[in-house]
Amino acid sequence: GVLFNSGHLEAYSYLFLKYLQERSEGYYNISNTVNNNQAFFGNASYTYGNRYTLNGTLRYDASNQFAPSRLIRWMPTWNVGLTWDVSQEKFFTHLTPVFSYLNIYTSLGLTAVSPYATNSYTQLYYDLPWRNSSVREKGIYRSNLANRDLTYEKTQEINVGTQFGLLNYRLNVSLEWFKRRSYDLIGSVITQGVGGQISKYGNIAEMQTQGLEAGLETINIKTEDFSWKTSLVYSRAINKITKLNTAPTVGDMVGYSGSGGFAREGYPQGSLFSVPFNGLDSEGLPTFIGPDGNPTHFGVDMKERNVDFLKYSGTLIPTDKGSLSNTFHYKGISLGVVLTYSYGNVVRLRGMRNVYNDYSAVPRELNNRWQYAGDENKTDVPVLYTTYMYQRLFNGWKEMNQAYLTYDYSDVRIAKGDNIRLKEISLGYTFDKDFLRETRIRQLSLKLQATNIALLYADKKLNGDDPDYLANGYAPIPPKRLIFTLRVGL
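Summarised in this report is the structure supplied together with it. (Residues numbered from 1 in each chain as written. Predicted model: local features only at pLDDT ≥ 70, side-chain atom pairs only at ≥ 80, totals over all residues. Heavy atoms only, no water.)

## Some points on the overall build of the protein chain
When helices and strands are tallied, the protein chain shows six helices and 24 strands. What you see for the protein chain is a C-alpha radius of gyration of 30 Å, clearly larger than the 23 Å of a compact globule of 490 residues, by over 25%. Oriented by its inertia axes, the alpha-carbon framework of the protein chain measures out at about 85 × 65 × 60 Å. Across the 490 residues that make up the protein chain, the buried fraction comes to 34%. Residue pairs in contact within the protein chain that sit at least 24 positions apart in sequence constitute 65% of those at least 6 positions apart. Of the roughly 30700 Å² of accessible surface on the protein chain, a fraction of 54% belongs to carbon and sulfur atoms. Treating the 51 positive side-chain charges of the protein chain as one cloud and the 44 negative ones as another, the clouds have centres 6 Å apart. (Helix = DSSP H or I, 4+ residues; strand = E, 2+ residues; numbered from the N terminus. Rg over C-alpha atoms; globule rule 2.2 N^0.38 Å. Buried < 20%, exposed > 50% of the residue type's maximum accessible area, 1.4 Å probe, protein only. Contact = heavy atoms within 4.5 Å. Areas by Shrake-Rupley, 256 points an atom, 1.4 Å probe, with all protein chains shown as cover. Lys, Arg positive; Asp, Glu negative; His and termini not counted. Charge placed at Lys NZ, Arg CZ, Asp CG, Glu CD.)

## Thoughts on the sheet that holds strand β14 (residues 277-280)
Taken together, three strands build an open sheet; the order of strands is β14-β15-β16 and the sheet is antiparallel. For this open sheet the edge positions go to β14 and β16 (295-296), each flanked by a neighbour on one side alone. Bridge count between strand β15 (residues 286-289) and β16: two bridges; the pairing is antiparallel. When the bridges of β16 are listed, phenylalanine 288 appears paired with threonine 296. Contacts from helix α4 (residues 397-408) reach β14 and β15 within the one sheet, and its direction differs from that of β15 by about 70 degrees. (Pairing = 2+ DSSP bridges. Axes fitted to C-alpha atoms, helices over the stretch in contact; angles between N-to-C directions.)

## Here's the deal with unusual backbone geometry
Here asparagine 50, not a glycine, exhibits a phi torsion of approximately 55 degrees, which is positive. By the secondary structure assignment, asparagine 50 is in the loop between β3 (37-48) and β4 (52-63). With a relative accessible area of 59%, asparagine 50 lands in the exposed category.

## A few points about the packing of aromatic side chains
Counting across every chain of the model gives 19 aromatic pairs. An aromatic cluster is defined as three or more aromatic residues linked by ring pairs; in this entry it consists of Phe40, Tyr60 and Trp74. Here the guanidinium or amino end of arginine 148 rests over the ring plane of tyrosine 121, the centre of that ring lying 4.4 Å away. One cation-aromatic arrangement involves arginine 264 over phenylalanine 273; the distance from NZ or CZ to the ring centre is 5.8 Å. (Phe/Tyr/Trp six-rings, centres within 6.5 Å; stacked < 30°, edge-to-face > 60°. Lys NZ or Arg CZ within 6 Å of the ring centre and 35° of its normal.)

## Concerning the pattern of salt bridges
The full count for this structure, using the stated rule, is 15 salt bridges. Taking the shortest distance from any N to any O, the salt bridge between glutamate 89 and arginine 51 comes out at 3.3 Å. Placement of glutamate 89 in the loop between β5 (74-85) and β6 (99-113) and of arginine 51 in the loop between β3 and β4 is noted, with a sequence separation of 38 residues between them. Assessed through its relative accessible area of 23%, arginine 51 is described here as partly exposed. Here lysine 154 makes a salt bridge to aspartate 184, at a shortest N to O gap of 2.7 Å. One end of the pair, lysine 154, is in strand β9 (residues 153-166); the other, aspartate 184, is in strand β10 (residues 171-190), with 30 residues separating them in the sequence. Classification of lysine 154 by relative accessible area gives buried; the value is 9%. A single network of salt bridges, built from pairs that share partners, joins Arg421, Asp466 and Asp468. (Salt bridge = Lys/Arg side-chain N within 4 Å of Asp/Glu carboxyl O.)

## Some thoughts on the layout of surface pockets
A volume near 1300 Å³ is recorded for the largest pocket. Around the largest pocket, the lining comprises 32 residues; the ones closest to its centre are Asn29, Ile30, Tyr125, Tyr126 and Tyr141. Of all the secondary structure elements, the ones that give two or more residues to the lining of the largest pocket are α1 (14-22) and β7 (123-127). Residue contributions to the lining of the largest pocket peak at five residues, all from β7. In terms of residue class, the lining of the largest pocket is built from 15 nonpolar, 13 polar and four charged. Here the second largest pocket is characterised by a volume of approximately 500 Å³. Listed by contribution, the elements that provide at least two residues to the lining of the second largest pocket are β10, β11 (199-222) and β12 (226-244). Residues of the lining of the second largest pocket, tallied by class, amount to 13 nonpolar, eight polar and three charged. (1 Å grid on protein atoms, 1.4 Å probe; cavity = no way out; pocket = protein on both sides within 12 Å on 5 of 7 lines; lining within 4 Å. Points joined across faces, edges and corners; volume = space filled by probe spheres on them. Nonpolar A, V, L, I, M, F, W, Y, C, P; charged D, E, K, R; others polar.)

## A few points about α4
Here α4 is 12 residues long and its end C-alpha atoms lie 17 Å apart, about the 16 Å a rise of 1.5 Å per residue gives. Burial in α4 covers these residues: Met400, Ala403, Tyr404, Leu405, Thr406, Tyr407 and Asp408. Turning to α4, the residues buried within the fold contact β14, β15, β20 (346-348) and α3 (387-392). (Expected span 1.5 Å × (residues − 1).)

## Brief notes about the environment of valine 98
Looking at the secondary structure, you find valine 98 in the loop between β5 and β6. Residue valine 98 is classed as partly exposed on the basis of its relative accessible area of 45%. Linking valine 98 and leucine 166, residues 68 residues apart in sequence, is a C-alpha distance of 5.5 Å. Once you skip the residues sitting within four places of it in the chain, valine 98 turns out to touch Gly165, Leu166 and Leu167.

Here's what the structure looks like:
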């Protein structure tokens with residue numbers, strides 16, 4: 001009711017308040033939330049002979065996230081680590097022609113995260129239900145049923161790694177392997193409806209993750225006036241859902257429900273499933289393999305509970321990613337270039353079913369659509385739908401819309417999410433002390449930095465879309481930025 005562009009004038013109808021009242025909806029909202037958290041922690045470290053270091057941490061956390069529950073309010077977590085500095089061993093002097101330093105470490109621990117769910121106890125709220133009379137009476141409504149077994153999400157993790165330098169610190173390497181077991185993960189589970197609620201939050205899943213992280217830094221050239229340093233970072237992480245108690249629909253599995261990727265036992269987190277595409281028929285209509293295993297051109301209902309016929313397309317989360325950077329210094333001039341990369345994931349192409357009108361921009365893919373008999377042998381883009389089509393070929397608009405909706409969520413609408421980006425270029429200059437000696441300025445430097453510059457490589461099937469934009473549910477990608485920095489020290 002506020003006209004923001006006209007001096008904040010008010011323009012509202014009393015009928016709108018009447019409408020809200022008859023729907024038992026308020027015209028304002030007050031949310032009073034108090035978060036109480038307490039933590040006690042202690043750590044200890046012991047080093048023997050400058051070679052072996054043992055450290056440990058014990059933490060005890062509490063949260064009011066579980067309401068007045070006494071069963072799981074406090075959660076102990078811990079971590080133990082051991083480091084061996086091989087460089088301090090007597091025999092290391094025999095390795096110094098090659099190794100500059102070497103250490104090996106391992107750690108084991110348990111971490112926990114307070115869940116976002118708050119239904120450890122039944123959640124009750126005040127209400128003012130609508131009655132078609134002048135008598136008003138307060139009430140209470142139940143928002144969530146109690147789940148007394150609700151607890152923290154937990155992760156057990158083991159790490160083993162090493163760091164070493166070669167050739168008088170000209171080559172520095174770090175390697176780390178890790179394995180994690182996450183359990184008591186929170187999610188929504190479909191119930192039998194006992195108590196009047198179909199779904200409720202609970203600890204329903206377990207997941208295993210293992211991977212490798214590696215770093216390489218090289219000093220390629222180093223003279224009095226010039227240096228060139230390269231840094232390469234690589235990480236790989238593979239996960240699998242080992243336990244999951246839920247009952248998804250086709251819409252959940254293909255991403256139609258807005259969740260993007262979905263979790264399924266035996267598959268990675270953020271998995272993407274698709275309806276099997278069976279090509280175009282002789283009239284350019286898309287056909288699919290349905291839940292019964294037979295071809296159909298009527299599509300698939302997104303509320304269908306039989307999901308075994310769906311095809312696994314991949315995960316939305318990249319399995320491999322990293323960066324490559326080069327830094328050059330010549331006297332006071334510095335130049336830095338950073339590339340980033342990721343691969344091992346897939347994305348779903350932008351949907352096309354709602355763009356066939358005279359008021360919207362249509363994707364370039366429609367240039368390759370089915371137009372004439374025989375085109376089904378050279379394209380997988382269906383014919384544009386018309387009023388004539390759903391009157392003759394389908395039993396109304398609903399069936400035709402379902403067919404084209406299913407096409408958007410078929411396996412033919414999948415592309416690779418692999419990409420290489422020019423992430424940053426920076427150019428700087430630092431004035432030397434001789435230049436500043438006769439001034440009151442102690443330090444003076446300039447820097448021009450450009451970030452998020454360009455997408456150098458992506459799957460051609462994306463038709464110009466950014467893979468990260470599609471993988472993250474059309475979330476905005478970081479904008480290009482140009483930053484100028486002046487530093488003056490007096």
